Amino acid sequence: MKVSLNWLSDYVDYEGVEPAELAEKITRSGIEVDAVDNRSEGLKNIVVGHVLECSQHPQADKLNICRVDVGEEEPSQIICGAPNVAAGQKVVVARPGARLPGGVKIKKAKLRGEESHGMICSLQELGFDGKVVPKAYASGIYVLPEDARPGEDALGLLGLDDTVLELDLTPNRSDALSMLGVAYETAAILSKDVKLPETAHEEAAEPASGRLNLRVDASEANPLYAAKVVRNVKVGESPEWLKARLMAAGVRPLNNIVDITNYVLMEYGQPLHAFDYDRLATGEIVVRHASDGEVIETLDGTERKLEPHHLVITNGREPVALAGVMGGANSEVHDGTTTVVIEAAYFSPASVRKTSRELGLRSDASTRFEKGVDPNRVAEAGERAAALMADLAGGEVLAGTVLFDELDKEPKRVTVSPDFINERLGMKIPFEEMEEILRRLQFPYEAVNGQFVIDAPTRRVDISIPEDIVEEIARLYGYDEIPATLPVTESIPGGLTPYQAKRRTVRRYLEGAGLYQAITYSLTSESESQKFALETAPVTRLLMPMSEERSTLRQSLLPHLLEAVTYNTARQTNSVALYEVGSVFLGEGEDGLPTEVEHAAGAVTGEWSGGGWQDGQKPVDFYAVKGIVEGLAEELGLSEKLSFRKGEMDGLHPGRTADVLLDGERVGIIGQLHPSEQKARDLKETIVFELNLQQLLREETEALIYTPVPKFPSISRDIALVVPKAVQAAVLENTIRTHAGKTLKDVRIFDVYEGDRMEEGMKSIAFSMTYLDPERTLTDEEVSEAHKRIVSALEAEGAQIRN
Amino acid sequence: MEQQLQQLKEEALQAIASAADVKSLNDVRVKYLGKKGPVTDLLKGMGKLPAEERPKMGALVNEVRGEVTAELESRMAALEEQAVAKKLEAESIDVTLPGTAVKTGNHHPLTRIIEEIEDFFISMGYEVAEGPEVEKDYYNFEALNLPKGHPARDMQDSFYITEDILLRTHTSPVQARTMEVKEGKPFKIICPGKVYRRDNDDATHSHQFTQIEGLVVGENIRMSDLKGTLDRFAKKMFGEDREIRLRPSYFPFTEPSVEMDISCFKCGGSGCNVCKKTGWIEILGAGMVHPNVLRMGGYDPDVHSGFAFGMGPERIAMLKYGIEDIRHFYTDDLRFIGQFRRTEG
Ligand SMILES: [Zn+2]
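Residues numbered from 1 in each chain as written. Chains lettered and ligands numbered in written order. Predicted model: local features only at pLDDT ≥ 70, side-chain atom pairs only at ≥ 80, totals over all residues. Heavy atoms only, no water.

Observations concerning the overall build of chain A
Looking only at helices and strands, one finds 20 helices and 40 strands in chain A. Since a compact globule built from 803 residues should have a radius of gyration of about 28 Å, the 42 Å found for chain A marks it as more spread out than a globular shape. In terms of principal-axis extent, the alpha carbons of chain A reach across some 130 × 85 × 55 Å. Buried residues in chain A amount to 53% of all 803 residues. Entry remark: accessible area of chain A is about 36,500 Å², with carbon and sulfur atoms responsible for 46%. (Helix = DSSP H or I, 4+ residues; strand = E, 2+ residues; numbered from the N terminus. Rg over C-alpha atoms; globule rule 2.2 N^0.38 Å. Buried < 20%, exposed > 50% of the residue type's maximum accessible area, 1.4 Å probe, protein only. Areas by Shrake-Rupley, 256 points an atom, 1.4 Å probe, with all protein chains shown as cover.)

Details of the domain arrangement of chain B
As assigned here, chain B comprises domain 1 (2-91) and domain 2 (109-337). For domain 1 of chain B and domain 2 of chain B, the distance between their C-alpha centroids amounts to 89 Å. (Domains from an automatic or database assignment.)

Focus: the interface of chain B and chain A
With 92 residues of chain B at the contact, the number on the chain A side is 92 residues. Regarding the contact of chain B and chain A, the summed buried area is about 7,500 Å², with carbon and sulfur atoms giving 56% of it. The tally of links between chain B and chain A comes to nine salt bridges. Of the charged contacts, one joins Glu115 of chain B and Arg504 of chain A as a salt bridge, the two residues approaching to 3.6 Å between their closest N and O atoms. Where chain B meets chain A, there are 36 residue pairs in polar contact (both at pLDDT 80 or more). Considering each element in turn, the side of chain B that touches chain A owes the most residues, seven residues, to helix H8 (residues 223-238) of chain B. (Contact = heavy atoms within 4.5 Å. Buried area = accessible area lost by both parts, 1.4 Å probe. Salt bridge = Lys/Arg side-chain N within 4 Å of Asp/Glu carboxyl O. Polar contact = N/O pair within 3.5 Å; in protein donor to acceptor, adjacent residues only side chain to side chain.)

Here's the deal with empty space enclosed by the protein
Residues and elements named next belong to chain A. Scanning all chains against the criterion turns up five cavities of 30 Å³ or more. As a volume, the largest cavity reaches approximately 220 Å³. Along its surface, the largest cavity is lined by 20 residues, and Asp175, Ser178, Tyr268, Gly269 and Asp374 are the ones closest to its centre. Contributing elements (two or more residues each) for the lining of the largest cavity: helix H4 (179-190) and helix H9 (364-371). Of all the elements, H4 adds the most residues to the lining of the largest cavity, at three residues. Looking at side-chain class alone, the lining of the largest cavity contains seven nonpolar, seven polar and six charged residues. Computed from the structure, the second largest cavity encloses a volume of approximately 70 Å³. (1 Å grid on protein atoms, 1.4 Å probe; cavity = no way out; pocket = protein on both sides within 12 Å on 5 of 7 lines; lining within 4 Å. Points joined across faces, edges and corners; volume = space filled by probe spheres on them. Nonpolar A, V, L, I, M, F, W, Y, C, P; charged D, E, K, R; others polar.)

Some words on helix H4 (residues 54-91) of chain B
The terminal C-alpha atoms of H4 of chain B lie 54 Å apart, and with 38 residues this matches the ideal 56 Å at 1.5 Å per residue to within 8%. Buried residues in H4 of chain B make contact with helix H1 (2-18), helix H2 (22-33) and helix H3 (38-44) of chain B. (Expected span 1.5 Å × (residues − 1).)

Focus: the nonpolar core
A general feature of soluble globular proteins is that nonpolar side chains tend to end up buried together. Formed by 198 residues in total, the largest nonpolar core has its most connected members in Tyr225 and Ile313 of chain A together with Ile117 and Phe309 of chain B. Per-element accounting of this core gives the leading share, nine residues, to H4 of chain A. If you look at the next biggest cluster of nonpolar residues, it comprises 33 residues, including Tyr509, Ala600, Val629 and Ala658 of chain A. (Core = buried A, V, L, I, M, F, W, Y, C linked by side-chain atoms within 4.5 Å.)

Considering the UniProt feature "domain: B5" (unreviewed entry) in chain A
Mapped onto the present numbering, the UniProt feature "domain: B5" (unreviewed entry) falls at residues 409-484 of chain A. For residues 409-484 of chain A, the helix share is 39%, the strand share is 20%, and the end-to-end C-alpha distance is 41 Å. (UniProt positions renumbered as here; feature names shortened; annotations may be inferred.)

Focus: the coordination of the zinc ion
Surrounding the zinc ion are the protein donor atoms Cys264 of chain B (SG), Cys267 of chain B (SG), Cys272 of chain B (SG) and Cys275 of chain B (SG), which sit 2.2 to 2.3 Å from the metal. Geometry at the zinc ion is tetrahedral, judged from the four donor atoms that bind it and their angles of 103 to 113° at the metal. (Donors = N, O, S within 2.8 Å, 3.2 Å for Na, K, Ca; no water. Tetrahedral: all angles 85-135°; square planar, octahedral: opposite > 155°, others 65-115°.)

A short note on the side chain of Gln695 of chain A
Residues and elements named next belong to chain A. Relative to the helices and strands, Gln695 is located in helix H18 (residues 693-698). For Gln695, the side chain forms a polar contact with the side chain of Asn692, separated by 2.7 Å. Not counting the four nearest positions on each side in its chain, Gln695 is found in contact with Leu662, Glu665 and Val667.

Observations regarding the environment of Phe431 of chain A
All names here are of chain A. Counting through the fold element by element, Phe431 comes out in helix H12 (residues 431-440). In the structure, Phe431 is positioned 12 residues away from Asp419 in sequence and 9.1 Å away in space, judged by C-alpha atoms. In this view, Phe431 contacts Pro418, Ala447 and Phe452; residues no more than four positions away in its chain are not counted.

Considerations on the domain arrangement of chain A
You can read the domains of chain A as domain 1 (2-39 + 163-190), domain 2 (44-157), domain 3 (208-405), domain 4 (412-475), domain 5 (498-698) and domain 6 (715-802). Taking only C-alpha atoms into account, the centre of domain 2 of chain A sits 56 Å from that of domain 4 of chain A.

Focus: the pattern of salt bridges
Throughout the structure, instances matching the rule amount to 74 salt bridges over all chains. As a salt-bridge pair, Arg231 of chain A and Glu396 of chain A come within 3.1 Å of each other at their nearest N and O atoms. In this pair, Arg231 of chain A is assigned in strand S14 (residues 224-231) and Glu396 of chain A in strand S23 (residues 396-397), connecting sequence segments 165 residues apart. Accessibility expressed as a relative area gives 31% for Glu396 of chain A, which makes it partly exposed. With a closest N to O distance of 2.8 Å, Arg327 of chain B and Asp325 of chain B form a salt bridge. For Arg327 of chain B, a relative accessible area of 36% corresponds to the partly exposed category.

What about the environment of Leu52 of chain A?
All names here are of chain A. As for its placement among the helices and strands, Leu52 is situated in strand S3 (residues 44-56). In this structure the C-alpha to C-alpha distance between Leu52 and Thr485, which are 433 residues apart in sequence, comes to 74 Å. Leave out the neighbours within four places in its chain, and Leu52 touches Arg67, Val68, Asp69, Pro75 and Ala87.

A short note on the packing of aromatic side chains
Tallying each qualifying case throughout the model produces 21 aromatic pairs over all chains. A centroid spacing of 5.0 Å and a plane angle of 5° characterise the contact between Phe431 of chain A and Phe452 of chain A, whose relative ring orientation is stacked. Highlighted residues: Phe431 of chain A in helix H12 and Phe452 of chain A in strand S27 (residues 451-456), separated in sequence by 21 residues. On the basis of relative accessibility, which here comes to 28%, the residue Phe431 of chain A falls in the partly exposed class. Take Phe452 of chain A: its relative accessible area is 0%, and that puts it in the buried class. Each ring, one from Tyr138 of chain B and one from Tyr139 of chain B, has its centre 5.2 Å from the other, and the planes form 75°; the classification is edge-to-face. (Phe/Tyr/Trp six-rings, centres within 6.5 Å; stacked < 30°, edge-to-face > 60°.)

Observations regarding the confidence of the model for chain B
Chain-level pLDDT for chain B is 90 on average; 99% of the residues reach the 70-or-more range. Mean pLDDT across the elements of chain B ranges from a minimum in H3 of chain B, with 76, to a maximum in strand S9 (residues 304-311) of chain B, with 97. (pLDDT = per-residue confidence, 0-100.)

As for a negative patch on the surface
Residues and elements named next belong to chain A. Negative charge collects at one region of the surface, where Asp34, Asp37, Glu41, Glu166 and Asp168 lie side by side. Elements that contribute at least two residues to the negative patch include exactly strand S2 (32-38) and strand S12 (163-168). Counting through the fold element by element, Asp34 comes out in strand S2. (Patch = residues over 30% accessible without salt bridge, like charges linked within 9 Å, V, L, I, M, F, W, Y side chains within 5 Å. Lys, Arg positive; Asp, Glu negative; His and termini not counted. Charge placed at Lys NZ, Arg CZ, Asp CG, Glu CD.)

What about the pairing of strand S22 (residues 340-346) of chain A?
Residue and element names in this part refer to chain A. Extensive coverage of S22 is indicated by the burial of seven of its seven residues. Here S22 shows no split at all, with Val340, Ile342, Ala344 and Tyr346 on one side and Val341, Glu343 and Ala345 on the other all buried. Bridge count for S14 against S22 is seven bridges, and the pairing is antiparallel. Bridge pairing in S22 links Val229 to Val341. The pairing of strand S15 (residues 272-276) with S22 spans five bridges and is antiparallel. Along S22, the bridge assignment pairs Asp276 with Val340. (Pairing = 2+ DSSP bridges.)

Now the structure itself:
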């Protein structure tokens, strides 16, 4: 909402308060002022000129040589390129030395050999937005009324001696979508009165009801319809002050009749519509719902097909306006209009919102109806428009109003006690101060048994409950006055849940292990959404995605994480280690919502060693990442429960992929990207993992109780085996554990060799076993006994023992 | 014999002085003081002396042996010291070469901010509450006093999955869910999480971003409690000398509603480019919980009241670290994330 302060001063006297100060006060008490636009800032030496003569420039077809009276003894010669310049016009002249917006300076100049002492200006050159400039002057200079005096400062005539406040309104304060609403707000802040606009006008003897019949067949959507009839109007340009105010408010002037309806719209926040009475043709207005497929051509020249819930104004035969949204082309006011019907109505917010949404048509009118206009000012706005038409368009207002009225205009009654207000705020505002604020707001109230019984003015649709009054009192009393205290509540210890605490542990661990935390998007393309998923479920797709790329919720973290890896390697970061903790979305769970499962995933590529001057270059491999996962299991106390087996997944290397099992149940995957996947993503060897974090963290870890440090020495034995390559280390280890007996403390693999020195298809693998009895010193014989059992068990499984 | 002894001593001391290393010094020891050495011989030969000379002579021999031994030891210590010094010299390294890197990663800056906020509120007795990112319209809107057709739904265009299910547009549904779970008991929660809005990604918009909201419900919770809480928070997060101010605003789920500004941490309030010359920076929205929201959560607004606040970790991170483009948070460039490792303050 753009508020011209000149205009505002019609209703409230803010003398002595500078615009910037006023803006600050308005902002601090409730409505944010986004900008304070001093419209004459930087403008200088801009005067009215009278074009005495105008002839074509001898050297240039498109230029005119004008002799312009600028209020001095001698006329000035000014070259003007505008197509609409003509002798006799009063125009805006920027004289030599003048300043225009954007720091433009006007100097004497020679154009094709002819001197030019200044410039005749268009409104755009004076800083007006092209969208508000009247069409007649949109591509040329602006022409002032004939009574403008040469040499007079033109800024005042154009309404540029003004400051405009731009209000950023929250949706509840639709009352401030009008000059009067802003006036009430300003008056409350400054403790001033509001002066209402003049609505009185003379009436002709002829009654309006003699010319116009009205019927409303949809009283719920249109509970109030007031029509005024004005005859003998002369359609023409509006006076300068009216055009200037409309332009300041961001509205393009059209003709005096339409301008008046727009002016009253801005003034009251009450949208009006003017019909050409003769074009209505029937002398009748019928408000009803459209019939299915009915068509109307709106003022913007678009044909719109209607549905039965759209409300239309008709002439009894066909639609002449889309109620509350836009008028119809067939009944539009035009240059030859002599009789006008002014419509002032209340259309229900829901009805207008629906129509405007469905037809994709928003207007100044529809935005106001949608929020609810003041029921008590509808008819008054109609009177105001009639008065202005009488005054500015020479019209004669027919007697009376053609009226349909079933609208509830009762104010909302709110009862609230001063104690409640103070308790909610944690303050001690005296009763009298609260009364004073209610008076400033012009909220009629009575004090009954120590309570305020308030009739909230209908212009303030946002006031309906005691808390609303708390806010009104607080904002005008000043939030700075509220003390700072802390809640006094039952003392409940705060903290993280075990799950949340463990999730932090996981993040810290992964970072300690060298991975950086990534956060990627949850939305991906449908085709990528199930890639690398540990578990797939129906996809969750948006009804109206903005793009296919962000249309579906992910079921694995890896696709986006890999994108991030590629993003980095493409920018010369060759070694990348990223992890992410986030949710995947498995469609159609409880209540129709997808099941959200928190996962942890990682992707590592490039060098894995320190990369310093001491280390060789060692690219990351499967085991480096498996080590990270094993370490994580240890951190979470899950080492005993976690196991690995050869796994399989699209996009991963078939020989280098492992399933991660928790108590035998698959909870994750580790693998190297498939070479073709690596190529497609422009990556070198990349190892990834993804774990179902929820399952890992769900396990309650046992209380930590220390085991006594052994008092007796342990004994170690090593064994080297030759086995076919396909034999898995885990199988051998399992055999060892099964046969070693209970003094076996630990089994460790310390060497694996598959090189040239081995027979084809064979590998060597070496284990080191540690034996310990916490109660006594083990004897060599006992350990040798255990070792023999292991050897024979392994041999029985086909392993050769190397020495 | 005395003269012989004197000469022997001179010889030994000479040999000690000229021994260049530990080994040759040991040879000297063996040569002069060993079982077959001349001192032993002299002692053996003492039997031939007259009895009255023996004590004098014995004392003299011991004296010489003592002197030689002392000299030997001192020379030995010196030589050992020399040997160590030589070894150390040989072992010295270029200490200016870089140390072996400890390869660790670090938090994403948003996590850094969110954990800082969480930890502050945990210290004030808050629990951390979380909820689903895909929500029912009921929890995302209706339970928060945003019935279907409410004009404020315009403010947050949403990603719907069905007519009734959408990606949550704020973390407030967690508040609504928590109220249901707490069944009328007082509580203090902080709700961090991802949220989604129908926005085109650009320097200041992201279709996915994070939010952190707080909610306190109990008997006689006052607006002054909100102000005091936010004041402490602002000081913890942005520095002890921060001031806060509340400005009236509008949110459908609170009444009264306010926005909180802090005095600019860059210029201290005199005006700069961070605060757009106003001296104040908008940080969060807050207010007293709307009675309809309390009612829908199963709390009686005549008995209970509450306050709520919400903020955007992206915005806070951008302000705190001077980040100019919100998209940095979601491209996961290591040259960006890697900067958020060290401690502050
Ligand atoms: Zn500043």
